[in-house]
Each structure stands twice: as structure tokens, then as C-alpha cells.
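# Structural features, examined
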Amino acid sequence: MNLRTLVWREMSERPSAMFTSTLAILLGVTALVAIRHVTVFSEREVGQQLQSLGANVLVLPEGATLQDYYSADLTSQTLPESHVASILLENLPGVERLSPKLCVSAKIAEHPVTLTGILPQSEFQAKAAWQSVSLFSNKHEGCTRAACGPKTYDGAPESLASERTIDQLKGNEAVIGADVAEFSKLKPGNSVKMLGETLQVLAVLPRTGTVDDSRVFAHLHTVQRMTNAGEVVNAIEVMGCCEDAAGSLVPRLAELLPDAKVVTISQIVSTQVGINRLMSQMSLFVVGVLVVVGGASVASTIASNVRERRREVGTLLALGATPSLVTRMFLMKASILGLIGGVGGCSLGLLSAILLGSRWAGVAVSPLPDFLLIALAAALAITTLAAYLPARSAARLDPCRCFSDV
Amino acid sequence: MASLCSPVNAQQAAAVRPAASAAEATLEKAAAEGKYTFLVFYKTNDSATQAMTTVLKEGLSTRAEIATNAYVQVGQPGEKTLVDRFDVSRAPMPMTIAVAPNGAITGMFAQKLTPEGIENSFVTPTMTKCMKSLQEGKLVLVSVRSTEKAMTPVSLKEFQADPHFKDRVVSYSMLAADSAEGKFMKQMQLEAGAVKGTTTVLLAPPGVLVGKFDELATKDDIAGALAKAGKCCDDPNCKHHQQQQAAPRTATRPGLLRR
Amino acid sequence: MFQLREITKIYRKRRQEVVAFRVDQLEIAAGEYVAVVGPSGSGKTTLLSLLGGMLSPDNGQLLFQGQSLYGLSLNERTRLRREQIGFVFQTFNLVPYLTALENVQVPMYLGGISAAEQRDRATTLLEQVGLADRLDHKPCELSTGQQQRVALARTLANNPRLILADEPTGNLDPESREVVLSMFDTFVRDGRTIVMVTHDHSAAIRAARKILLKDGQIISDTNDAISRSHCA
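Scope of this entry: the structure provided in the associated data block. Keep in mind the model is a prediction, meaning the values are calculated, not measured.

Take the pairing of strand β1 (residues 36-42) of chain B next. Residues and elements named next belong to chain B. Of all the seven residues making up β1, seven are buried; the element is thus mostly covered by neighbouring parts of the structure. Of the two faces of β1, both are covered, the one formed by Y36, F38, V40 and Y42 as well as the one formed by T37, L39 and F41. As paired strands, β1 and strand β2 (residues 67-73) are joined by seven bridges and run parallel to one another. Bridging across to β2, Y36 finds its partner in A67. You can see the chain leave β1, run along helix α3 (residues 47-60) and come back into β2, and the turn it takes is right-handed. In this sheet, strand β3 (residues 95-99) lies alongside β1 in antiparallel orientation, the contact comprising five bridges. Residue pairing across strands places T37 opposite V99, the latter belonging to β3.

What follows is the structure, given as C-alpha cells:
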């Protein structure tokens, strides 16, 4: 016989009551853990996207929205391809690479895909001369990344996934996303027919978890011809050499191209950032709810338990239990409830985050041990604190309650 | 411009294959004569094209000895060679390209041409060489000598001989006091009177002034400046990359002049 | 064992005062078997609570073994109760979720005895009360008489010198009642002191001394042992 036995026996006598009293804590911890995990991994994903995208600026048609671009749904809105040359001729400091794109809807074996025309960087080789026309004018003060030396366009086609540009791509070649390869069973070397034209699969991109997985990339001019779109694009990605340069690019590009919309990549992901921020705030709200509702629930449960066990407590006091022992008895019970709610909540919350994170936020979630410990500690702290006053009142019970006519 | 670069040898001109269009012929003839060619690319003879043409004619009216012009209608099958050469098929139209006698592009003007633009297209002889080489993707070392007898710095020779660089670096020499190179001196922020001995200027594509080095600079100083400005070479074991990664340079090293 | 001097205990409720118990002088010697009788509300339970160190008097002094009981701190009184006083309750007051064995172990746990010794002593005590085959039964699985025997075993867990019993036979059938009273006789023969509150006349006559209470005051205090010695 010890305190732990005393507490655990009492709790296991009525397991359903025990579960009910932990429900509020469990649900609160579940929500907190799930929201926090998804938020953290979503923020990391956004951070990685921003990092991989670098200091990028996007030129879109005036009427296009950021969501249109993000979902590659820009079939009806275009810009003249000559805008690419205009940007190059302007010789803006800090412009490292340009990537014009033309997105159209297409199908492969009745599966919808996004056919994206992209200009390989080797096509810019001749245009590189344009930037040396105004000798010394392309100074970007503070940036040390002026590409010095001859450029070699020999990057692997798979680098399109991470670099967002491709070095070499012939007119009859295509690079396909991971999802496209999966449902169509296409591999490098295979042929694919789209919009009446046959393309050779050059490479399959690694899975990115973005809309690029369902894209087929072909030469921009090939796509223009296949679709009779003319010499147009519907997005131009401008890769800056560094953040400093990107900051000044936006207004200068807007001035250069008054018929276009110029945005930064951070604006594109700002919706996601905004959602992440909202979720962060939501998690704080959940903490508040957890404290109030969960704590109130536990306090009520323990207070009710104290009322039910008045005679028992009186007897224990009569038998020689100290008031502090009685207090510890109820606090231990509350701690066990908190532990059960915390462990259960963390497990459920983590599971929810893993399942829903990939489904709703498109991020892969893995456990954050530090945060799980914090959530568990919070559950324990809340339940113990909530039970403190009822436990103290139990310790102050009149031991005479053990007698029959009191 | 007081003088032009040397005209292309007539025999060399004859060795060039026959031009497919009038514009090409004009370009080749101008190169042979040591003249600049202003090529106007257009799609239709709209108001923008007419305005550009007017400005160009006015700008070249007093420069008939050193410049000529030609018109290229993009879309004409006969003009495909020129269009592809200057890669203007998708460029905003109309566009004027100034071509130096050696083939270097010294000016590109899309949709609008100004008299200042025309003026700026006439560059110094050394500049045309440098721009040509830069447009071919080469590193360019320019030796700016105070006198004819000024020595070529050892560092320059070593740099040129270095296997990492020898295939992609060219060097040119000029006199600091040459009035024909005044514009270039100004661009390089060099005072003719301040040049002692030989100052070496390193230029990298697409047109970046990497650094200026006095006679005391070593080959490593030059290579280090190149590494600092960007990728020095393709050798992953290049010590300049390693040095750059190990300790970012903040202090001015001996022999390295300020830009 | 006990000396009560000018003890008064008053309950106050809704501005009304009720004298629950008052005595000028009362002594209970070690080894006495005392029955406290009286109608409901006469102060029996108040007296028991005072003697058990659970209810401090408003006036007066209560000495236990020569020491002021209520001069001790709460923890000292609790320790004293744990080590020297055993309680027997009318409703047994067994902990419903513990087994018979565990119920008997509770006072031993409170007294700081090791788990192994707890088990051994509790088993011995339950065997002594004839419940060797009911060690792992919960109170709801025991008859009324068996529950009272478990309670009696619990009372003896810490080998108390003083037993305070509150209506120990109140809920029992005659057979079980006899078992309890017989055990009390044994306790007294072992030298323990018993103070028993009871309505049960047949239980009261078993005690050597009877204190009759009415309206919180001692009406009579008869000691059969003294009477017998006088008669002799």
C-alpha cells in the first residue's frame, strides 16, 4: 500500500469517469499539437521554398492573380515574349536569370496535366551579349555574385525542380513531373503525344510536393506552336542575385513593363504565410481554451470527487493521514489525468498532423519532440494547478465526518 | 570619335561568304571599311519604326565616314541569318543594334532611340575589343600603360599562363594618355596622370569590372579578386574558392587598388 | 489516560449557540472499558471527537497521558492518533475500492511501515479475525459482519493503546455483534483502553464503566468495577 496505489485504485474503479474527466484536456492537447506541428512544418516548407526560389520576382499579366500562378491556371492571360528581351536590355542590376513560362491545360491518357513551355537557359547565351553592351553599367553595389567566366549550360534536366530553370531542352523534348510519370508510366526515352505533337521524355523530375509534379515541361516555342498561342508567355520569373537586388527590381520592372503585374515570390507565398500566422495565433487560442476549459473541467472533477469522498477523507484523517497527504492524493490524481490527457492528446494530435498536414497543407510532418514535451508538461501543469484548490479543501475537511451522525 | 579601330583587311572581307540580304552585305562592307553599322530591326513600318528611323538618320548625318545603317524586316525569310545572329526574333520591336567594325555590339535600343544612345554607341578601340571578347564569354585583362616602355606585369603573364585561365582570358594593351581611349579611362575610373607603370584591369562577362591591380599585385591577387566576384573557375579544389569560404576578405591587400 | 478539565464545546450556527458538550472534570484511566450512552444529540460523538484529538474544545484542558492534547500541533496530534488510537466506526468506513488486505494496510502505510511488513501484518490480522480467505475481496464483496471484522483488523493495524468506537454494533446482526463485543473484551484483557459510544444496551452492559450524557452534560458516571469492589 502506498499513495500511488491509493490513487490508481480509486481511479480505475470508474474508468469511464476517468476518461470523461480527461476528455477536455485530451482534446485541447490534440488540437494544440496538431495545429502547432502543421504550422511549424508549413513554415519550414515556406522558408525552404523562399530559400530555393531565392530572391525571385514574378512578372504576371495584369489580370492574373497569384493563386492563378500558383495553381498553374493561366491559360487565358498572356504577356508578349518580347518582355523577356526588354528586361535583359534594361540591364537591371542584380538580374541573374530569367525564366519565361507558358502554361496550358492538356491531357495525357485522359489525365489532366499542365503543359508548361519553358525557355532553356542555353537560349540566353546569345542574349548574354546584350548585358555587356553597356559596359560597367550592370554594377550591383555590394553583390559579389557577378557571374564571371563563361557560362556552361550543362546542368542536369532534373535540376529544373530545384533551380526552376533548365539549361538544355530541345524543341521535341519534354521533362515530366513525378505525378505525371506515375500515372502515365513514362520514363526517360519514352514518347508522349500531346496536342497532336510527339515529344521525347528527357527526364522525370524528383517529387517536389508542388504543382510542378503534375506538369509537363517542353520548349516554350514548341508549346507556342502547339497551341497557336503566338509569341506569348504568361509568366516571367526573374531570379535575382541576392535579396538586396530583388528589393529594387520590383519598382523598376513595374516601370519598364506597365502592362504587367510585378510581384515577389514572398507575396505568392504570403497567403500561406498568412495562414501559418493565423494558425500560430490559433494555437495560442487553443492554449487559452485548454487552460480555461480543460482546467475548469479538471477542477470540477476533482472538486466533485472531494465531495463524494468526504467520509473516506475524514476516515483517512482520523486514521492518521496528514492534510498534506490528502492534498497530494488529489493532486496525484489530477496529475495522472493530466498525463493521460497529455499523452493521449500528443499521440492523437501528432497522428492528425501527419494525416492532415499532407492532405491540407501539402507538408510532410514528423514529430517535434521538444514541443511534445512542452505540450505534455502544459497538460500536467494545467491539471495540477486546477486541482490545487479542491485538493487543499479536501485537506481541510473535518475528520469528524468519519462519524455516523455528522 | 577621333579615330576608329583598324578596318578589316579587304582580302579578309572577300573571304567572307556572300551575304544573303542587303543588310548583311551592308554589315560586312562596313566591317571591311572600319565603320559602325546601325541595324534597325522592325516588324512593320509603324510610327515607332518611323520615329526610330528619323532619329537614326539625324544622328548619323554627320558621321557618314564612321557609320552606316541598314534595315531588317523580321519575318522576311532572307533576313533569318541576321535575326538569328542577333537573336532578336522575340525582341521588342523596333530595335536598333549598333555593331562595331570588329563585330562587337556596342549599343542596343528597343522601341526608342535617342541621340545620346547613338553617341554612346561609338566606343574606343580598346573598348570594342574588350566588348567583343566579353560577348564571347572571355575574361579580359587590360594593361593600361603610362608609357610605351612600361613593362607588362609578371602577374599578368602568370595569370595568362595559368592552365585554369589560359583558354578563356585575353589581354589588350593601351596607353593611359591616349586621347582616343579617354572614354574608356573614364569608365574604368582611371586618371591618365595617376597611372604609374602599368595598371592591369580585369573585366569579366557580362561586363563587370572585377578589379584594378598595380605592378606589385601577384597572380593570386588577381585570381582571388575573380573568386571573390564570383566563380573563379570550375576547379572545386581551387584555393581561391577555399580561401573565400574560409575567410571573407575585408582588408585591402597590397597591390590591389580600390575600384 | 485522559483528563478533562472544564471542557466546553459549543457549536454556532445562524447566530445560535448550542453547547454540544460540557464537563467540569472527567478522567479515563488506562485499561478502562467505557461505554458512553445517551440519546441522539447528547454529545456522545462530540466527546469521542474530543478524545480523538479531532475537535478542539472552546474552553478547558484535555490531557492525554499527562500532555495537553490540543497543545500539540496538528501534525503531532495526527501522529499521535496514528500511533496510539484506533477507531471503530458504525458504518465501518472501509475504503470501497481497496481490498480487505489493503484496507488493513492503510494505517500501516500512514505509519510508515514497509510494504513487505504491511502485507505480513495485515495478513496475520485478517487471519486472526477469521478472514484468511477474503484477503483480496473488496468491501462490496463481503457481508456486513465480515466488513466489520476487516474494520476491526484495521483498528489493530498499528497496535493502538486506545480504541475509540462509534456505535460499533449499530449495523450488525446479533451474531456479528457478539463477535465484535468479544473482541473488545479481548482488547481490554490485553490492556487496551476502550471508549465506546453506543445506543446498544447489550453492548453498554459489557463495559465496566458507563457514562450517561444528556444535552451535552454527564448525567451519571457509573463504574461497575468500583461498585463490585465496594460491594465486595
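So, next bit.
This brings us to the packing of helix α3 (residues 100-110) of chain C against helix α4 (residues 115-128) of chain C. All names here are of chain C. Their axes nearest at 9 Å, the elements α3 and α4 cross at an angle of 125°. By the criterion of interaxial angle, the relationship of α3 to α4 is oblique. For the element pair α3 and α4, the recorded crossing hand is right-handed. Along its contact with α3, which presents A100, L101, V104, Q105, M108 and Y109, the element α4 presents Q118, R119, R121, A122, T123, L125 and L126. Looking at the contact of α3 with α4 residue by residue, the classes come out as eight nonpolar, three polar and two charged.

Interfaces are often sized by the accessible area lost when the parts come together. Taken together, the contacts link 30 residues of chain C with 28 residues of chain A. Summed over both sides, the interface of chain C with chain A buries roughly 2600 Å², with 63% coming from carbon and sulfur. Considering only the surface of chain C that becomes buried against chain A, M54, Y97 and Y109 of chain C emerge as the three largest contributors, covering 27% of it. For the pair chain C and chain A, the interface holds two salt bridges. For K138 of chain C, the salt bridge identified is with E13 of chain A, shortest N-O distance 3.0 Å. Residue contributions to the side of chain C that touches chain A peak at six residues, all from α3 of chain C.

Residues and elements named next belong to chain B. The first and last C-alpha atoms of α3 sit 20 Å apart over 14 residues, in line with the 20 Å expected at 1.5 Å per residue. Among the residues making up α3, those that are buried are T49, M52, T53, L56, G59 and L60. Along the axis of α3, the buried residues cluster in a sector spanning 130°; they form a single face. Facing away from the buried side of α3 by over 90 degrees, the exposed positions are S47, K57 and E58. As for α3, its buried residues are in contact with β1, β2, β3, β4 (105-110) and α5 (115-121).

To continue, consider helix α7 (residues 154-161) of chain B. Residues and elements named next belong to chain B. Along α7, the residues classified as buried are S155, L156 and F159. Viewed end-on, α7 has its buried residues packed into an arc of 100°, placing them on one side of the element. In α7, the exposed positions that point more than 90 degrees away from the buried face belong to V154 and A161.

Definitions and cut-offs
- Residues numbered from 1 in each chain as written.
- Chains lettered and ligands numbered in written order.
- Predicted model: local features only at pLDDT ≥ 70, side-chain atom pairs only at ≥ 80, totals over all residues.
- Heavy atoms only, no water.
- Buried < 20%, exposed > 50% of the residue type's maximum accessible area, 1.4 Å probe, protein only.
- Helix = DSSP H or I, 4+ residues; strand = E, 2+ residues; numbered from the N terminus.
- Pairing = 2+ DSSP bridges.
- Right-handed = clockwise from strand over helix to strand, strands pointing away.
- Axes fitted to C-alpha atoms, helices over the stretch in contact; angles between N-to-C directions.
- Parallel < 35°, antiparallel > 145°, perpendicular 65-115°, else oblique.
- Left-handed = near helix turned anticlockwise from the far one by under 90°.
- Contact = heavy atoms within 4.5 Å.
- Nonpolar A, V, L, I, M, F, W, Y, C, P; charged D, E, K, R; others polar.
- Buried area = accessible area lost by both parts, 1.4 Å probe.
- Salt bridge = Lys/Arg side-chain N within 4 Å of Asp/Glu carboxyl O.
- Expected span 1.5 Å × (residues − 1).
- Arc of directions from axis to C-beta.

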